[in-house]
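What follows is each chain in one-letter form.
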Amino acid sequence: MKILITGGAGFIGSHLAERLLKRGDEVLVLDDLSTGDLDNVRPLESNPKFQMKVGTVLDPDTLKPLVEWSDMIYHLAAAVGVSYVIEHPLHSLTTNIRGTEIVLELANKNKKRVLLASSSEVAGKKNGKAMFNENDDRVLGPTTVTRWIYSTSKAVDEMLGLAYWREKRLPVITVRFFNVIGPRQSADYGMSVPRFVKQALLGHPITVYGDGAQRRCFTDIEDALDGLIALGDHPHTPGEIYNLGANPDTNEICIKDLAHKIKDLTESDSPVELVPYEKAFAKGSYEDLNYRVPDLTKIRKTVGYEPKISLDMTLRRIIEYYES
Ligand code: UDP
């Protein structure tokens, strides 16, 4: 197939491009390089089935011929990372909402299949310790807390996708990523794992926010790609939303333990430091979630998805990448 990946020079997009090329697809990447990096796709440049265009999804004139060329679009271009969103709230809202609107409008004109990248952020901060199901109520803090911009913008994206499916029969598949990690993920946008690995390797303090009791379930990029591509290919996934994450038995951890694990694996002398939220973020901009683990029942049932890579394995791979 001819596949357009918006945001294809980013962490997930560049890995996706590599996988799709490996199975013989033609891949065209559009990326504005705001958080993406040409270095991520450099090794793909020699492949005659790969093309890279620097530009933004906010410009319909740039996007139109690329959509027309494609058989399918993986729409990954978005503002990502809690720190990035807190620092660029307006740009994040615009890119995530207007960008998706433009992609879907052009895809609809040509009736091209779209896979829309969404996030577990959409579910918000559920209380208690239940796994996150796609149909759970969303629980968000007030609009004054900048963090919720990401959740809100991605929720609008999901609703746009569903509306295009219901009203126009545009095949849109929505995937909610749960803390995907791996080589090439930048430490610059706030994500815990690349930050901790970089801090540990440089001998800097490993900065755990709050008391570090908050829990996450981290997903290796290779598992995420298995699920993503299976959902993208499947005939019955349009009009549906899918969680995509890891198995809590092997990949759930509290952030303080994560910091210590990374310290041990890197044999670092870095101290693990508890940083109060007020010190890490501007007042009123951030609110944490104490627990986030995916319910994978739906994706398992639909495409037989089974994540295979344990947290220890994925951390070792990431450390190796950063060391090199
Ligand atoms: N976190 C942290 N120190 C950091 C970066 C993040 O303690 O330097 C915490 C963050 O507050 C959250 C967890 O690690 O509780 C996971 O953060 P991440 O940004 O990786 O993903 P999120 O689940 O917040 O989207």
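Residues numbered from 1 in each chain as written. Predicted model: local features only at pLDDT ≥ 70, side-chain atom pairs only at ≥ 80, totals over all residues. Heavy atoms only, no water.

Asker: Break down the sheet that holds strand β12 (residues 252–254) for me, with residues and values.
Answerer: Each strand in a sheet pairs with another by means of backbone hydrogen bonds, the pair being arranged parallel or else antiparallel. Taken together, the three strands give an open sheet; going across it, the order is β12-β9-β14, and neighbouring strands pair in mixed fashion. The open sheet is flanked by β12 and β14 (291–292), the only strands paired with a single partner. Of the pairings in the sheet, the one linking strand β9 (residues 215–217) to β12 comprises three bridges and is antiparallel in character. Among the inter-strand pairings, Arg215 is bridged to a residue of β12, identified as Cys254. Relative to the sheet, helix α10 (residues 255–265) contacts β9 and β12, its axis offset from that of β12 by approximately 95 degrees. (Pairing = 2+ DSSP bridges. Helix = DSSP H or I, 4+ residues; strand = E, 2+ residues; numbered from the N terminus. Contact = heavy atoms within 4.5 Å. Axes fitted to C-alpha atoms, helices over the stretch in contact; angles between N-to-C directions.)

Asker: Lay out the nonpolar core in plain terms, naming residues and giving numbers.
Answerer: Ile5, Leu16, Tyr74 and Leu228 are the most contacted members of the largest nonpolar core, which has 34 residues in total. Within the residue set of this core, elements represented by two or more residues are β1 (2–6), α1 (11–22), β2 (26–31), β4 (72–75), β5 (113–119), β6 (172–177), α8 (221–233) and β11 (241–244). Look past the residues within four positions of Leu16 in its chain and what remains in contact with it is Ile5, Tyr74, Leu76, Leu225, Leu228 and Ile229. Of all hydrophobic cores here, the second largest spans 19 residues; its members include Leu4, Leu30, Leu66 and Tyr164. (Core = buried A, V, L, I, M, F, W, Y, C linked by side-chain atoms within 4.5 Å. Buried < 20%, exposed > 50% of the residue type's maximum accessible area, 1.4 Å probe, protein only.)

Asker: Can you break down the pattern of salt bridges residue by residue, with the values?
Answerer: Per the counting criterion, the structure on display carries 19 salt bridges. Salt-bridge contacts for Arg42 lead to Asp39; the nearest nitrogen and oxygen are separated by 2.8 Å. Classification of Asp39 by relative accessible area gives partly exposed; the value is 48%. We note a salt bridge from Arg216 to Asp288, for which the minimum N-O separation is 3.0 Å. Note that Arg216 is positioned in strand β9 and Asp288 in the loop between α11 (277–280) and β14, a separation of 72 residues in sequence. A single burial state applies to Arg216 and to Asp288, both of which are buried. Counted as one network, the salt bridges with shared partners bring together Arg19, Glu222, Asp226 and Lys308. (Salt bridge = Lys/Arg side-chain N within 4 Å of Asp/Glu carboxyl O.)

Asker: Break down α10 for me, with residues and values.
Answerer: If you check which residues of α10 are buried, you get Ile255, Leu258, Ala259 and Ile262. Projected down its long axis, α10 shows its buried positions confined to an angular sector of 100 degrees, all on one face. At its buried positions, α10 is contacted by α7 (192–202), β8 (206–209), β9, β12, β13 (272–275) and α13 (311–323). Residue Glu267 follows α10 closely and has a positive phi angle near 50 degrees. (Arc of directions from axis to C-beta.)

Asker: Any details on the pairing of β11? Residues and values, ideally.
Answerer: Side chains of β11 alternate between two faces, with Ile241 and Asn243 and Tyr242 and Leu244 buried alike. Bridge analysis of β6 against β11 gives four bridges, and the strand direction is parallel. Counted as the bridge partner of Arg176 is Asn243 from β11.

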